[in-house]
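Working through the structure, step by step
The residues making up each chain are set out below.
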Amino acid sequence: MYKQNLKELTTKQIEKIILDESLPLYRSKQIVQWIYKKFVDSINDITEWSKSLRERFSEKYYIGRINLFDKRISIDGTIKFLWELEDGEKIESVLISDKDRLTLCVSSQVGCMLKCKFCLTGKIGLKRNLKAWEIVDQYIQVSKIIQKENRKITNIVFMGMGEPLLNFENVVEALWRLKDLILFSPSRITLSTAGIIPAIKELPYKAPAIKLAISLNATDNKTRSYLMPINKKYPLHELIKTLRDYPLKPRHRITFEYILIKGINCSEKDAYRLSELLKGIPSKINLIPFNPWEGCEFERPEDNEILNFQEILAARGYSVFIRKSKGTDILAACGQLKALYP
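This is a predicted model, so every value here is computed, not measured.

The subject of this paragraph is the domain arrangement of the protein chain. One can read the domain layout of the protein chain as domain 1 (4-62) and domain 2 (67-330). Taken together, the contacts link 13 residues of domain 1 with 16 residues of domain 2. With both chains or domains summed, domain 1 and domain 2 bury close to 1,200 Å², and 54% of this area falls on carbon and sulfur atoms. Considering only the side of domain 1, the residues that lose the most area to domain 2 are K7, Y36 and F39, jointly responsible for 52% of the buried surface there. In this structure, K7 engages D137 in a salt bridge whose closest nitrogen and oxygen atoms are separated by 2.6 Å. Where domain 1 packs against domain 2, one counts 10 residue pairs in polar contact (both at pLDDT 80 or more). The element best represented in the side of domain 1 that touches domain 2 is helix 2 (residues 26-36), accounting for three residues. Tallied by class, residues from the side of domain 1 that touches domain 2 come to six nonpolar, three polar and four charged.

This is the structure:
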C-alpha cells in the first residue's frame, strides 16, 4: 500500500490531511513540532498521541529521512556526510567548525550540470534536483548526530553539490521551512550561485532575506566562459549589472567567491580588474586558493601570489579574506564534493 511521506508536505497540506482524517486541527501543529523541532523519524515516536492514533496514522503516512551511508572526519575536524536518498541516489553535506561557528554546507542537487572546470562535482553531471524535504533533512539529520555532543549548527551555506538556483522552487521552499518551521535565522544562511540571472532577480521577492554569494572566479568573459560555461548564457557584464540592482538590506553585502588558479586568474591585472568590476557594489571578497584533486589540470598559486592579490584589493578598500580550505584530505573542500560511491 502506498504511504505518503509527511516531510514532502507543506504545513497547509498537513492541515488538509488532518481534516480529511476527521481529526482536530491542532494535530497538524503537533506533527510539525515533532518533525521539525524534535526531529523524530517515525510516527510511533509522537508520544503525545495515543497508540491507536499512531497505528491508524501509520497505515497511510510515514516520516521520511535521508540515511547516513558514510561519514569521514578530516584531520582538521571537518566532517563529511554521505547520504543515501530513498531512490538510492547519494549526496554529500559538510560540517565545518571554526571557532564559535559551526557551519553546515548543504547540497541542492544530485550532481551538477554546470561543468565548471575547477569543480569535481560537475564531472558527475546532473542526476536530479533534491526535493525541499531532502535539503532540510540534511540539517535535521546532522543536528541529531551532533546534539549528542551538545553542539548546534550556527550557519548554513548552500555551497554543496548542485546549483541552488537551478532548483529554484525546492530551494525556496526549503529556505522557508528552515525559517518558519525550524526557526533558523535567514541572516545565518548563505546561498551561493554561479550566476543564474533570472533566478537572482526573483530570489529577493520569493525567499526569506538570506545572504547571497556569487561564484565569480574571473574578471573577463573569455576566462570566465572557459572556467564556467554558464557564463556563455549569462555573461559577466549582465551578471554584474543584475547585482548592482539587487535589493540589499541595510548593512548587507554580496559575497564574491573567487577561486585562485595558478596561471589562469590570479595575476595583478586580474586583481585590478576585479576591483574595478565590483566598484559600487556593497561586497565582501572571499579568495579561495584552488583545492587540487588527483588528475586535475589546475594548480594552486604560490602563497606570495595569493597575498599580493589580496593586498591589491584591500588597498582599494575592499573587505577581502583568504578562505582557509578545510577537509581537503577527505575531499570535503570547496569544489571537491562528489559522491564516491555508485
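Now that the structure is up, let's keep going.
How two aromatic rings sit relative to each other is given by the distance of their centres and the angle of their planes. A complete count under the given rule lists eight aromatic pairs for this structure. Ring centres of Y226 and F298 lie 6.4 Å apart, and the angle between their planes is 85°; on these two criteria the pair is classed as edge-to-face. On the criterion of sequence distance, the pair formed by Y226 in helix 7 (residues 221-227) and F298 in the loop between strand 13 (283-289) and helix 10 (303-315) is long-range, its members being 72 residues apart. For Y226, a relative accessible area of 34% puts it in the partly exposed group. Classification of F298 by relative accessible area gives buried; the value is 7%. Members of the aromatic cluster, connected to one another through ring pairs, are F39, Y139 and F184.

With that settled, consider the UniProt feature "binding site: [4Fe-4S] cluster" (unreviewed entry) in the protein chain. Taking the numbering used here, the UniProt-annotated feature "binding site: [4Fe-4S] cluster" (unreviewed entry) corresponds to C112, C116 and C119. Examined against the element boundaries, C116 turns out to sit in the loop between strand 7 (109-112) and strand 8 (125-129). Using a relative accessible area of 13% as the deciding quantity, one classes C116 as buried. Dropping the residues within four chain positions of it, C116 is found in contact with L227, M228 and P229. With respect to the helices and strands, C119 occurs in the loop between strand 7 and strand 8.

Quick look at the pattern of salt bridges now. In this structure the tally under the stated criterion is 25 salt bridges. Between K144 and D41 there is a salt bridge whose closest N-O contact spans 2.3 Å. In this pair, K144 is assigned in helix 4 (residues 132-146) and D41 in the loop between helix 2 and helix 3 (51-58), connecting sequence segments 103 residues apart. K279 is paired through a salt bridge with E276; the nearest N and O atoms lie 3.1 Å apart. We classify K279 as partly exposed; its relative accessible area is 45%. Three or more residues joined by partner-sharing salt bridges are found here, namely K7, D41, R65, D137 and K144.

Each value, and the rule that gives it
Residues numbered from 1 in each chain as written. Predicted model: local features only at pLDDT ≥ 70, side-chain atom pairs only at ≥ 80, totals over all residues. Heavy atoms only, no water. Domains from an automatic or database assignment. Contact = heavy atoms within 4.5 Å. Buried area = accessible area lost by both parts, 1.4 Å probe. Salt bridge = Lys/Arg side-chain N within 4 Å of Asp/Glu carboxyl O. Polar contact = N/O pair within 3.5 Å; in protein donor to acceptor, adjacent residues only side chain to side chain. Helix = DSSP H or I, 4+ residues; strand = E, 2+ residues; numbered from the N terminus. Nonpolar A, V, L, I, M, F, W, Y, C, P; charged D, E, K, R; others polar. Phe/Tyr/Trp six-rings, centres within 6.5 Å; stacked < 30°, edge-to-face > 60°. Buried < 20%, exposed > 50% of the residue type's maximum accessible area, 1.4 Å probe, protein only. UniProt positions renumbered as here; feature names shortened; annotations may be inferred.

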